[in-house]
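A closer look at the structure
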Amino acid sequence: MTTPGENTRPGAAFLPDLLYVGGRFERGRALVCDAAGRVASVTRADELPGGTEPLRLAGRAMLPGMVNAHSHAFQRVIRGRTEYRGRGAADSFWTWREEMYAAAARLAPEDVYDASRMAFMEMALGGITSVGEFHYLHRTPEGREYDDPNLLAKEVVRAARDVGVRVALLRVAYARAGHGKEPDPRQLRFIEPEPETFLRHADALARELSAGASTHGAPAPLAWAGVAPHSVRAVTVEYLREVSAHARATRMPLHMHVAEQPAEVEACLAEHGRTPVRLLAEEGVLSPRFTGVHAVHVTAEEVALLHAAGACVCACPTTERNLGDGVVPADALLGAGVPLALGTDSHAQIDLLEDARELEYHLRLTMLRRNVLAPAADAGDADEGGVEGRRAGVRPAAGGGMQALASRLFECATAGGARSIGAHAGSFEPGRAADFFTVDLGDPSVAGAGVEDLLPCVVFSLTRAAVRETAVGGCLVVESGRHPAQEEIVSRFAALQRRLWA
């Protein structure tokens, strides 16, 4: 079996037809990587260092690798298994959750590896080079610790490394079924009731992943740790305070599901007399290292609190529409200056560009207008004379109105995600990880696009089949649209599905 990156090495130079840098596509530009797999420079092809023979990527456009800031890799096994109408109560997030619990209870450690590897390979095939894995499978189905309490987390990390993508393993704190609720036996694999236990295991994982981690001149890390209190319903305030203080002291990313469902907000008000974001703000949890996942049901006051703290929000539009959660108020969040990232969450579909366009399209459906998230400063010049200008064939300047909305959404899928999970990636700035994907310029979904309208075509129209190469640290992990271990990964995953659902 060929391993990811076997045919390339760090220190290479890549020369596509078009390279996306500085917010626009340019011709005749090469990406030069250093020996550690970081971006050394973006330079003119005729100014490459002597003796440098670039890898020519003819017919390709190259863009920074995308960053998936929220994933539950094991949930890849339930794709398609919940798309039916149940008996009794109307289907919702809460009925979906019952199916997820049933699958989670049946996964052995090797199954977690196979499911994770399948999810991560799909990500790589779609141009995703880094992922934030919100991991809450810790124990045996009976609720006992494994001999290594981080066994399942390490299976997820092993899967990411074998596929060739970077992973921030966001170890989840889960202590209860909810305020005033009896313990739920289906959550036994998630529960670590004491914060001391959770933090001891989280620290051990962080130490192991950081062994040999990046220093100046060394490769950007492929795996690192963060912490993630699951939600206000799953931990007490006291537990939350301890995890938050630890994240602050260790400078770890801190992620948390926030206001995904109205019932979650109502339960928080009943227990604490405060909405979820206000609770987090008053308890000192919000910070520039904090990411609130979903944030669908937040108020204008809560948006202001997120902005004041410098916190990030990770939207997962494909999952949110699949579960009937609601629409993320991206207009209010971006308008207030809250950074946005994107995640594929439950993996009903793994296509981060689809999530980027849904961020905009869901608002169009609810607000009955177009280009909702286009930057306000662009309103005057986007039309170059308004409707009459368009009728006369006047087009916005390259990098101006035509690309502004697409640029904003693409930034959520790249730099926004990198900021959220602590990945030194997301752009082609010198010193950042040399992670990228390429688009086939002859693919029907973008055929005919020019320099000035290619990015809108990529963001709003690209099919995943148009992604042809994906590189992590300057090493190709996908070539000509295939992963080197694709056949084996798919075969093992198919066998897992047959065992699970027979």
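Right, let's walk through the structure included here. Bear in mind the structure is a predicted one, so any value in this text is a computation, not a measurement.

1. Details of a negative patch on the surface
Taken together, the side chains of Glu 194, Glu 196, Glu 238 and Glu 242 make up a negatively charged region of the molecular surface. Mapped onto the elements of the fold, Glu 242 is located in helix α5 (residues 237-250). Judged by its relative accessible area of 34%, Glu 242 is partly exposed.

2. With respect to the pattern of salt bridges
Inspection of every chain in the model, using the stated rule, returns 34 salt bridges. With a closest N to O distance of 2.9 Å, Arg 274 and Glu 282 form a salt bridge. Judged by its relative accessible area of 42%, Glu 282 falls in the partly exposed class. Among the ionic pairs, Glu 354 bridges to Arg 357, the shortest N-O distance being 2.7 Å. Here Glu 354 pairs with Arg 357, and both are found in helix α11 (residues 352-367), just 3 residues apart, close to one helical turn. The same class applies to Glu 354 and to Arg 357, which are both buried.

3. Digging into the side chain of Asp 184
Topologically, Asp 184 is positioned in the loop between β8 (166-173) and α4 (195-210). Take Asp 184: its relative accessible area is 13%, and that puts it in the buried class. Excluding its chain neighbours within four sequence positions, the residues that come into contact with Asp 184 are Tyr 101 and Ala 177.

4. Some thoughts on the pairing of strand β1 (residues 13-21)
For a regular strand, the rule is simple: side chains alternate between the two faces of the sheet. Of all 9 residues that make up β1, 7 are buried, and the element is covered over most of its length. Here β1 runs beside strand β3 (residues 29-33); their pairing, made up of 2 bridges, is antiparallel. Within the sheet, the bridge partner assigned to Phe 14 lies in β3 and is Leu 31. Across 5 bridges, the pairing between β1 and strand β5 (residues 55-64) is parallel.

5. Some points on α4
Between its terminal C-alpha atoms α4 stretches 22 Å, which fits the 22 Å expected from 16 residues at 1.5 Å a residue. Its buried side turned inward, α4 meets α3 (151-163), β8, β9 (223-229) and α5.

6. Notes on empty space enclosed by the protein
Within this structure, the stated rule accounts for 6 cavities of 30 Å³ or more. Of the voids in this model, the largest cavity is the one considered here, and its volume is about 160 Å³. In terms of lining residues, the largest cavity is bounded by 19 residues, among which Phe 93, Trp 96, Tyr 136, His 230 and His 257 are the most central. Where the lining of the largest cavity is concerned, the elements lending two or more residues are α1 (93-104) and α9 (317-323). In terms of residues, the lining of the largest cavity owes the most to one element, α1, which gives 5 residues. Residue composition of the lining of the largest cavity, by class: 8 nonpolar, 7 polar and 4 charged. The computed volume of the second largest cavity comes to approximately 70 Å³. Class assignment for the residues of the lining of the second largest cavity results in 3 nonpolar, 6 polar and 2 charged.

7. Some remarks on the packing of aromatic side chains
Taken as a whole and assessed by the stated rule, the structure comprises 10 aromatic pairs. Residues Tyr 136 and Tyr 174 carry aromatic rings whose centres are separated by 6.2 Å and whose planes lie at 45° to one another, so their mutual orientation is tilted. Pair noted here: Tyr 136 is in the loop between β7 (128-135) and α3 and Tyr 174 is in the loop between β8 and α4, with a separation of 38 residues, a long-range link. Residue classification places Tyr 136 among the buried residues on the basis of a relative accessible area of 4%. Take Tyr 174: its relative accessible area is 3%, and that puts it in the buried class. Ring centres 5.7 Å apart and planes at 40° place the aromatic pair Tyr 361 and Phe 460 in the tilted group. Taken together, the residues span a long stretch of sequence, with Tyr 361 in helix α11 and Phe 460 in helix α14 (residues 454-461) at a distance of 99 residues. For Tyr 361, a relative accessible area of 32% gives the class partly exposed. Owing to a relative accessible area of 19%, Phe 460 belongs among the buried residues under this scheme.

Quick notes on the rules
- Residues numbered from 1 in each chain as written.
- Predicted model: local features only at pLDDT ≥ 70, side-chain atom pairs only at ≥ 80, totals over all residues.
- Heavy atoms only, no water.
- Patch = residues over 30% accessible without salt bridge, like charges linked within 9 Å, V, L, I, M, F, W, Y side chains within 5 Å.
- Areas by Shrake-Rupley, 256 points an atom, 1.4 Å probe, with all protein chains shown as cover.
- Salt bridge = Lys/Arg side-chain N within 4 Å of Asp/Glu carboxyl O.
- Lys, Arg positive; Asp, Glu negative; His and termini not counted.
- Charge placed at Lys NZ, Arg CZ, Asp CG, Glu CD.
- Helix = DSSP H or I, 4+ residues; strand = E, 2+ residues; numbered from the N terminus.
- Buried < 20%, exposed > 50% of the residue type's maximum accessible area, 1.4 Å probe, protein only.
- Contact = heavy atoms within 4.5 Å.
- Pairing = 2+ DSSP bridges.
- Expected span 1.5 Å × (residues − 1).
- 1 Å grid on protein atoms, 1.4 Å probe; cavity = no way out; pocket = protein on both sides within 12 Å on 5 of 7 lines; lining within 4 Å.
- Points joined across faces, edges and corners; volume = space filled by probe spheres on them.
- Nonpolar A, V, L, I, M, F, W, Y, C, P; charged D, E, K, R; others polar.
- Phe/Tyr/Trp six-rings, centres within 6.5 Å; stacked < 30°, edge-to-face > 60°.

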